[in-house]
Amino acid sequence: MTQTAIIVGAGLGGLSAARGLEAAGWQVRVLEAAPAVRSFGAGITITENGLAALDELGVGDAVRSAAVRALPEGIFTDQGTPLQQGMHADSSAVHGIHRATLLEILRGEREIETGMRVVSASDGADGRPSVTIEHGAADPDSSDARSERERRKDRARGTKLGRRLHRVLEPGDDPIDRRAEARATRAQVRALASSRFETLDADLVIGADGVNSAVRSALWPKARTDYSGATSWFGVVQAEADSPSGPRMYLGRGAEFGMEPIDGGRVYWWGMAFARMGRSADDEVAAALAQFDDWAPEVRDHIAATGLDGIARRDLWSLATRLDSYHRPGVVLVGDAAHAMLPTMGQGGNTTFEDAATLGVLLEDHALERALHEYDRARIDRTQRFMRLSERIARANTRLRNPVVVAARNGMLNLTPAIATEIAGDWMLAWRSPRERD
């Protein structure tokens, strides 16, 4: 009998996991909280390990055809002075691609069930694993998502029955008066609530729902996320005369900036800077220019060329808790849900592809619980090593503000040959499919 899986999240992790499981003969449903499928972000850097995982998932060649392959051009000061030369080994080449292009490749002809916001999950310890979804919930990326979370907290604290009844009404419904609310029975409240909530079960539930994973919150309640102390702007512009032909990074005081060519003759840029949590601006292009106003001309040029509809900003969070297992009976986490790391190494997406490919192979070769135990053995040490290193690099970049210490960091980079960096990073690129290890 065909085994079934519910995948929570239709991002890179969810769509990759769907491919891996279907190749293993599983029947898959992909649930997405947002009312429509969309891409969040700009570009993504795929390194050799991520490409090997995408090969295992059957889309490596499609990604190679769409992406821009290039060698890193090196590291520079904020004024454009070279600190470290570019890399030369073929294994160091990366593939730059727009996130939307990659999501389209991963999705293929797949149907995604949108508007399916998971609010809780249960493991398979006492039956089949399941998720409870809320129909008509606020879009998690919308401006009213915060008020929706506050309403949920109110309900959890046991607010008055009348207010609870009013809140389960759909937006646009006629309000009911306070006396009518007060007369509402618990049965009426439950009936209204049950029309919005539905429980779905399967042989396996996969949490691929990001750093704020609802699946992880339900089954790993002690896990905590942490604000990095940095915010990030990112955008995409058409390539100009001063655009790099390969990935390039600039380091300053409490900030870094990077650029990379991607498909469509475009350049993906990002800027990270020390900042208080939750800051935003009506004009984020102006805000980014203000942050990098005295940096190298090409940095300012690429920011200025970005339209208001082509720039995004988000605070950078990571998973502060190192999970001792990525699975519960019948439930498993992949990607940021399991090991959300800071983007300083560019390995968040690549390790997600590794997760999905590893899980697919193991589920093809082993019974479910054995496959989940083997998944822990294959993924925990490696991904948490990335988490630790990403944190250390953040401390040396966006958290380093003392000019004397910044100068010392730059001096060390200037004395470190690129080949030494390449050799030190060999372990990072050396992912192999479980098929090859066997």
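Just so we're clear, the structure is a prediction, and the values are computed from it rather than from any experiment.

(A) Region of the structure containing the confidence of the model for the protein. Chain-level pLDDT for the protein is 86 on average; 84% of the residues reach the 70-or-more range. Counted against residues more than four places away or in other chains, residues 152-178, with its pLDDT under 50, gives 37 contacts.

(B) The side chain of Thr-77, seen in detail. Turning to its location among the elements, Thr-77 is positioned in strand S5 (residues 74-77). Thr-77 has contacts with Leu-83, Tyr-250, Leu-251 and Asn-410, leaving out every residue within four places of it along the chain.

(C) Quick peek at the packing of aromatic side chains. Under the counting rule described, the total for this entry stands at nine aromatic pairs. Ring geometry for Tyr-227 versus Trp-317: centroids 5.6 Å apart, planes at 45 degrees, classification tilted. Here Tyr-227, found in strand S12 (residues 225-238), pairs with Trp-317, found in strand S16 (residues 311-319); they are 90 residues apart in sequence, far enough to count as distant. Relative to Phe-257, the ring of Tyr-250 lies with its centre 6.5 Å away and its plane at 65 degrees, an arrangement referred to as edge-to-face. Judged on exposure class, the residue Tyr-250 and its partner Phe-257 are both buried. Taking NZ or CZ as reference, Arg-248 lies 5.3 Å from the ring centre of Phe-76, over its face. When the ring centre of Trp-427 is taken as reference, the NZ or CZ atom of Arg-385 above it lies at 3.8 Å.

(D) Spatial organisation of the environment of Glu-22. Along the chain, Glu-22 turns up in helix H1 (residues 12-23). Here the alpha-carbon distance between Glu-22 and Leu-57, two residues 35 residues apart in the chain, equals 9.7 Å. Ignoring anything within four residues of it in the chain, the contact list for Glu-22 reads Val-28 and Arg-110. Engagement of the side chain of Glu-22 in a polar contact is seen with the side chain of Arg-110, the distance being 2.5 Å.

(E) Geometry of the pairing of S5. Of the two faces of S5, the one carrying Gly-74 and Phe-76 and the one carrying Ile-75 and Thr-77 are both buried. As paired elements, S5 and strand S6 (residues 82-85) share three bridges and run antiparallel to each other. Looking at S6, one finds that Phe-76 is bridged to Pro-82. The turn joining S5 and S6, which pair antiparallel and follow one another in sequence, is formed by four residues; a positive phi near 95 degrees is taken by Gly-80. The pairing of S5 with strand S13 (residues 248-251) spans four bridges and is parallel.

(F) Main features of the sheet that holds S12. Taken in spatial order, the seven strands line up as S6-S5-S13-S14-S15-S12-S16 in an open sheet, and their pairing is mixed. Only two strands of the sheet have a single partner each, and these edge strands are S6 and S16. Averaged over all adjacent pairs, the angle separating strand axes in this sheet is 20 degrees, with direction ignored. The strands touched by helix H10 (residues 284-291) within the sheet are S12, strand S14 (255-262), strand S15 (266-274) and S16, with S16 carrying the most contacts at an inclination of about 65 degrees. In this fold helix H11 (residues 297-304) packs onto S12, S13, S14 and S15, with an angle of close to 65 degrees to the strand it touches most, S14.

(G) Seen up close, the pattern of salt bridges. Tallying each qualifying case throughout the model produces 18 salt bridges. Its salt-bridge partner being Arg-370, residue Glu-374 comes within 3.2 Å of it at the nearest N-O pair. Taken as a pair, Glu-374 and Arg-370 lie in helix H14 (residues 368-396) at a separation of four residues, close to a single helical turn. Taking relative accessible area as the criterion, Glu-374 reaches 17% and is therefore assigned buried.

The rules behind each value
- Residues numbered from 1 in each chain as written.
- Predicted model: local features only at pLDDT ≥ 70, side-chain atom pairs only at ≥ 80, totals over all residues.
- Heavy atoms only, no water.
- pLDDT = per-residue confidence, 0-100.
- Contact = heavy atoms within 4.5 Å.
- Helix = DSSP H or I, 4+ residues; strand = E, 2+ residues; numbered from the N terminus.
- Phe/Tyr/Trp six-rings, centres within 6.5 Å; stacked < 30°, edge-to-face > 60°.
- Buried < 20%, exposed > 50% of the residue type's maximum accessible area, 1.4 Å probe, protein only.
- Lys NZ or Arg CZ within 6 Å of the ring centre and 35° of its normal.
- Polar contact = N/O pair within 3.5 Å; in protein donor to acceptor, adjacent residues only side chain to side chain.
- Pairing = 2+ DSSP bridges.
- Axes fitted to C-alpha atoms, helices over the stretch in contact; angles between N-to-C directions.
- Salt bridge = Lys/Arg side-chain N within 4 Å of Asp/Glu carboxyl O.

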